[in-house]
Amino acid sequence: MTVGVLALQGDVREHVHALEAVGATARPVKRLADLSGLDGIVLPGGESTTMGRLLGIFDLLDPLRALLGDGLPAYGTCAGMILLAAEVVDGRPGQELLGGLDITVRRNAFGSQVESFESDLDVEGVGDVHGVFIRAPWVERAGPSVQVLARVGEHPVAVRQGHLMATSFHPELTGDTRMHELFVRRLVATEGGRP
Ligand code: GLN
């Protein structure tokens, strides 16, 4: 299975390593041609406003929206979660999103005093996961077809909706590949089947 990693900005290399560790072939995605024949795609952490702008500059916004709409499995971490959200609170004016997940995210939700923190999570279908949060969003609203996989307090920080999943935290930074395994085995392998 070939899984793309959006490689315009952010922690691309870490996701490539995690995907390869779970047996996928990882392909950095920088331009339109890199999107062809993918079985899934990872949207990394970084800066969602910068990534949104670069997606526009490289003419990837509409093609990627179309692929996600056609069912291409995607996993967004942190800034990637923001990109997959239908709506963002505290975004920049005119911030471009890819959408797909019926969620509203609050950007930089945990506040400036705790820009980064770590927390042990109970992720549905995975178990105990050590979550690394860096200026992370949380899910403020989740639509009825969104499954919440983990929370910090009352706030969802891991969600799945059909072929899409997203986490506020960065499993690619911990060496624990179970979230990538979940994505590749449960979403890419079963929801994939790209035309
Ligand atoms: N705060 C960043 C944003 O708004 C996300 C941070 C991250 O991806 N680690 O895009």
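Residues numbered from 1 in each chain as written. Predicted model: local features only at pLDDT ≥ 70, side-chain atom pairs only at ≥ 80, totals over all residues. Heavy atoms only, no water.

A short note on a negative patch on the surface
Using the following cut-off: In this analysis, a patch consists of residues with relative accessible area above 30% that form no salt bridge, clustered at 9 Å for like charges and at 5 Å for the nonpolar side chains Val, Leu, Ile, Met, Phe, Trp and Tyr. Residue exposure ignores everything except the shown protein chains as possible cover, and the areas themselves are Shrake-Rupley values with a 1.4 Å probe. In what follows, salt bridge is the name for a side-chain nitrogen of Lys or Arg lying within 4 Å of a carboxyl oxygen of Asp or Glu. In this charge count, Lys and Arg are treated as positive and Asp and Glu as negative; neither His nor the chain ends contribute. Lysine's charge is taken at NZ, arginine's at CZ, aspartate's at CG and glutamate's at CD. Elements are defined by DSSP. Helices are runs of H or I of four residues or more, strands are runs of E of two residues or more, and each kind is numbered from the N terminus.
Residues Glu118, Asp120, Asp122, Glu124 and Asp128 make up a contiguous surface patch of negative charge. Here the negative patch takes three residues from strand E7 (residues 116-123), the largest share from any one element. Secondary-structure assignment places Glu118 in strand E7.

Observations concerning the nonpolar core
Rules: The criterion is simple. A nonpolar core is a set of buried Ala, Val, Leu, Ile, Met, Phe, Trp, Tyr and Cys residues joined through side-chain atoms within 4.5 Å. Whether a residue is buried, partly exposed or exposed follows from its accessible area with a 1.4 Å probe, protein chains only, as a fraction of its type maximum: under 20%, in between, or over 50%, in that order. The contact definition used throughout considers only heavy atoms, calling two residues in contact when any of these lie within 4.5 Å.
Among the nonpolar cores identified, the biggest contains 35 residues, and Val123, Phe133, Phe169, Met179 and Phe183 are the most heavily contacted of them. Sorting the residues of this core by element identifies strand E1 (2-6), helix H1 (12-21), E7, strand E8 (127-134), strand E10 (147-152), strand E11 (155-161) and helix H5 (178-191) as the ones contributing at least two each. It is H5 that contributes the most residues to this core, six residues altogether. Not counting the four nearest positions on each side in its chain, Phe133 is found in contact with Phe110, Glu115, Ser116, Phe117, Ser119, Leu121, Val152, Val157, Ser168 and Phe169. Listed in part, the 33 residues of the second largest apolar core include Leu67, Leu68, Ala85 and Val105.

Focus on the sheet that holds strand E6 (residues 101-106)
The condition that has to hold: Pairing between strands is defined by DSSP: at least two bridges between them are needed. Lines fitted to the C-alpha atoms define the axes, with helices restricted to the stretch that makes contact. Angles between their N-to-C directions range from 0 to 180 degrees.
Spatially, E5-E6-E9 is the arrangement adopted by the three strands of the open sheet, whose pairing is mixed. Of all the strands in the sheet, just strand E5 (85-89) and strand E9 (138-142) have a single pairing partner and so form its edges. Direction aside, the axes of adjacent strands within the sheet are offset by 30 degrees on average.

Quick look at H5
In plain terms, the rule: The span expected for a helix works out to 1.5 Å for each residue beyond the first. Bend angle per residue: angle between axes fitted to the 7 residues ending at that residue and the 7 residues starting there.
Over its 14 residues, H5 runs 18 Å from end to end, which matches the ideal 20 Å to within 8%, given 1.5 Å per residue. The largest bend in H5 amounts to roughly 25 degrees and is located at Val184. Those residues of H5 lying buried are Met179, His180, Leu182, Phe183, Val184, Leu187 and Val188.

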